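# Chain and residue survey
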Amino acid sequence: MVEKTYNVLFLCTGNSARSQMAECLLNELGGDRFRAFSAGSHPSGEVHPLALELLRRRHHDVKNLRSKNWSEFASGNAPEMDFVITVCDQAAGEVCPVWPGQPMTAHWGLIDPAAAKGSKTEQQRLFANVYRELRDRLKIFTSLPMDQLDRRTLLDRVRAMGVHENGDSG
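What comes next concerns the included structure.

## Describing the overall build of the chain
- Scanning the chain from terminus to terminus reveals five helices and four strands.
- Listing the helices and strands of the chain from first to last along the sequence gives β-α-β-α-β-α-β-α-α.
- In terms of overall size, the chain behaves like a compact globule, its C-alpha atoms giving a radius of gyration of 15 Å where 170 residues would be expected to give roughly 15 Å.
- Seen through its principal axes, the chain has C-alpha atoms that stretch 50 × 35 × 30 Å.
- Looking at the 170 residues of the chain, the share that counts as buried comes to 48%.
- In the chain, of all internal contacts separated by at least 6 residues, the share reaching a separation of at least 24 is 72%.

## Examining the layout of surface pockets
- What the largest pocket holds in volume is close to 160 Å³.
- The wall of the largest pocket is formed by Glu 23, Cys 24, Asn 27, Glu 28, Asp 61, Val 62, Lys 63, Asn 64 and Leu 65.
- For the lining of the largest pocket, the per-class residue count stands at three nonpolar, two polar and four charged.

## Some words on the packing of aromatic side chains
- Throughout the structure, instances matching the rule amount to seven aromatic pairs.
- An angle of 50 degrees between the planes, with centres 6.4 Å apart, marks the rings of Phe 10 and Trp 108 as tilted. Of this pair, Phe 10 sits in strand 1 (residues 6–12) while Trp 108 sits in the loop between strand 4 (104–107) and helix 4 (120–143); the two residues are 98 residues apart in sequence, bridging distant segments of the chain.
- When its relative accessible area of 0% is taken as the criterion, Phe 10 is described as buried.
- Over the aromatic face of Tyr 6 sits the side chain of Lys 4, whose NZ or CZ is 5.3 Å from the ring centroid.

Calculation rules
Residues numbered from 1 in each chain as written. Predicted model: local features only at pLDDT ≥ 70, side-chain atom pairs only at ≥ 80, totals over all residues. Heavy atoms only, no water. Helix = DSSP H or I, 4+ residues; strand = E, 2+ residues; numbered from the N terminus. Rg over C-alpha atoms; globule rule 2.2 N^0.38 Å. Buried < 20%, exposed > 50% of the residue type's maximum accessible area, 1.4 Å probe, protein only. Contact = heavy atoms within 4.5 Å. 1 Å grid on protein atoms, 1.4 Å probe; cavity = no way out; pocket = protein on both sides within 12 Å on 5 of 7 lines; lining within 4 Å. Points joined across faces, edges and corners; volume = space filled by probe spheres on them. Nonpolar A, V, L, I, M, F, W, Y, C, P; charged D, E, K, R; others polar. Phe/Tyr/Trp six-rings, centres within 6.5 Å; stacked < 30°, edge-to-face > 60°. Lys NZ or Arg CZ within 6 Å of the ring centre and 35° of its normal.

Below, the structure written as structure tokens:
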């Protein structure tokens with residue numbers, strides 16, 4: 001029996017760093033089980049150079065990454081999403097479009113490495129930390145027995161991945 005491919009949309013305001021890294025990571029970690037996309041409510045128009053540098057250094061394919069508006073995924077021509085995950089607090093607080101297909105939604109708040117100040121080394125360190133956190137969450141996400149969990153349990157587990165040990169979701 002062929003297993004379902006799950007479509008996942010990662011949202012952030014600028015769609016330049018966190019959501020781009022999540023898209024790239026899930027497309028590699030998820031194999032044929034997942035197809036990842038990313039978008040922003042107010043896309044910056046480019047993928048952050050330090051995000052691209054980090055992804056290339058980790059041997060990810062970045063040729064198809066581009067900054068996209070979330071309206072691309074709210075149209076009738078867009079792939080139907082199974083999950084929509086916000087990775088920044090600002091996007092989580094915005095009124096999102098109505099997504100076709102009633103996808104499960106979750107918030108995995110992460111610090112914005114694109115807003116980092118300091119030396120290039122300090123900024124690179126922050127990008128690397130966010131990358132590791134996304135990779136760790138996505139390894140757990142891809143290991144979930146999707147076809148064995150009811151919708152409520154699956155949603156609870158995906159949402160729990162965004163909650164830090166102190167109980168905060170950001």
